[in-house]
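Summary of structural features
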Amino acid sequence: GQARMPAIAQEGERLGLKICFYVVGDRFPLDHGLLRRIRQAGHEIGLHGAKHDMRLAYLPYQAVMKRLDACQDMVEQHKVVGFRSPALLTSPSLTRALSGRFLYDSSVPDTDVDTVAAPRRGCGSVFPFWQGSLLQIPLTLPLDDRLILRGQSPAEMLRTWMSKITWVRKVGGAALLTTHAEPHLGGSPELLPAYRKMLEWIVAKQWTVALPREVAETWTST
């Protein structure tokens with residue numbers, strides 16, 4: 001996935017768009033030179049947990065803090081202000097640990113089905129909202145892996161995303177899409193063209209596009 005980041009970034013750059021990449025902070029060797037180049041091009045780097053072993057949300061508060069501490073050098077080096085939990089698993093102890101460390105969290109879908117967390121879950125909102133002092137920016141478009149597991153072709157996934165974006169815009173919410181850079185998911189030769197077409201469609205509509213960091217900065221300043 002890390003090796004595919006430049007290709008994903010170029011899809012946005014070609015259209016004048018910036019992308020946020022959530023990176024696992026303390027499990028795989030990180031190419032810090034690559035991450036710096038990505039960030040210097042105007043993209044955002046976020047933290048995607050420490051280990052991606054699905055345990056973070058279930059650990060006691062102090063154990064969560066220890067894992068986040070292990071990522072602190074990476075967070076500081078790449079000016080990370082946003083967090084996304086592995087597998088979108090959350091808990092009160094994790095939310096408490098994130099508060100004060102990050103400008104925002106983006107770990108809660110508006111609606112999600114057939115996941116490792118539950119048969120059916122979500123916050124039911126397409127708007128950012130506060131969890132105590134922590135701003136939550138919900139994922140409001142179906143993830144690429146969810147649609148793949150449900151048997152959708154790239155063309156069907158594109159139609160699903162466009163339909164949801166149209167509805168979210170109609171109600172005035174924020175459409176947030178998450179794909180995976182790995183070559184068997186969103187970074188695959190089959191799915192990348194659908195992602196490209198969606199970006200081209202958004203640009204043609206002349207809709208406002210912003211990084212999660214920019215959304216959080218605007219939301220917290222108003």
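Our subject in this report is the structure included herewith.

How each quantity is defined
- Residues numbered from 1 in each chain as written.
- Predicted model: local features only at pLDDT ≥ 70, side-chain atom pairs only at ≥ 80, totals over all residues.
- Heavy atoms only, no water.
- Helix = DSSP H or I, 4+ residues; strand = E, 2+ residues; numbered from the N terminus.
- Buried < 20%, exposed > 50% of the residue type's maximum accessible area, 1.4 Å probe, protein only.
- Core = buried A, V, L, I, M, F, W, Y, C linked by side-chain atoms within 4.5 Å.
- Contact = heavy atoms within 4.5 Å.
- Salt bridge = Lys/Arg side-chain N within 4 Å of Asp/Glu carboxyl O.
- Phe/Tyr/Trp six-rings, centres within 6.5 Å; stacked < 30°, edge-to-face > 60°.
- Lys NZ or Arg CZ within 6 Å of the ring centre and 35° of its normal.
- Pairing = 2+ DSSP bridges.
- Right-handed = clockwise from strand over helix to strand, strands pointing away.

One non-glycine residue with positive phi stands out, namely His52, at about 55°. As for its placement among the helices and strands, His52 is situated in the loop between strand 2 (44-47) and helix 3 (61-70). Overall, the relative accessible area of 26% leaves His52 in the partly exposed class. Of note in this structure, Lys79 is not a glycine but carries a positive phi near 50°. For Lys79, the location among the structural elements is in the loop between helix 4 (72-77) and strand 3 (82-83).

Turning to the nonpolar core, a few remarks are in order. With 45 residues, the main nonpolar core has Phe21, Ile45, Leu47, Met74, Phe83 and Met198 as its most contacted residues. With seven residues, the single largest contributor to this core is helix 8 (residues 192-205). Those residues in contact with Ile45 that sit more than four places away from it in its chain are Met5, Phe21, Val23, Leu35, Ile38, Arg39, Met74, His78 and Val80. Counting residues in hydrophobic clusters, the runner-up holds 11 residues, among them Cys20, Leu135, Leu176 and Ala216.

Relative to the elements of secondary structure, Gly42 occurs in the loop between helix 2 (32-40) and strand 2. The sequence separation of Gly42 and Ile19 amounts to 23 residues, and the corresponding C-alpha distance is 8.3 Å.

Another aspect to go through is the pattern of salt bridges. Summed over all chains, the structure comprises 11 salt bridges. A salt bridge links Glu11 to Arg196; its shortest N-O distance comes to 2.8 Å. Here Arg196 lies in helix 8 and Glu11 lies in helix 1 (residues 5-13), a separation of 185 residues in the sequence. Judged by relative accessible area, Glu11 falls into the buried class, the value being 9%.

With that settled, consider the packing of aromatic side chains. Tallying each qualifying case throughout the model produces two aromatic pairs. Where Trp201 meets Trp207, the ring centres are 5.3 Å apart and the plane angle is 85°; that geometry is what we call edge-to-face. Owing to a relative accessible area of 18%, Trp201 belongs among the buried residues under this scheme. Seen from the ring of Tyr61, Arg96 lies directly overhead, with NZ or CZ sitting 3.7 Å from the centre.

This next bit is on the pairing of strand 1 (residues 20-23). On strand 1, burial covers both faces: Cys20 and Tyr22 on one face and Phe21 and Val23 on the other are all buried. Both strand 1 and strand 2 contribute to a ladder of four bridges, which runs parallel. What sits directly across from Val23, in strand 2, is Leu47. Running through helix 2, the crossover from strand 1 to the neighbouring parallel element strand 2 is right-handed.

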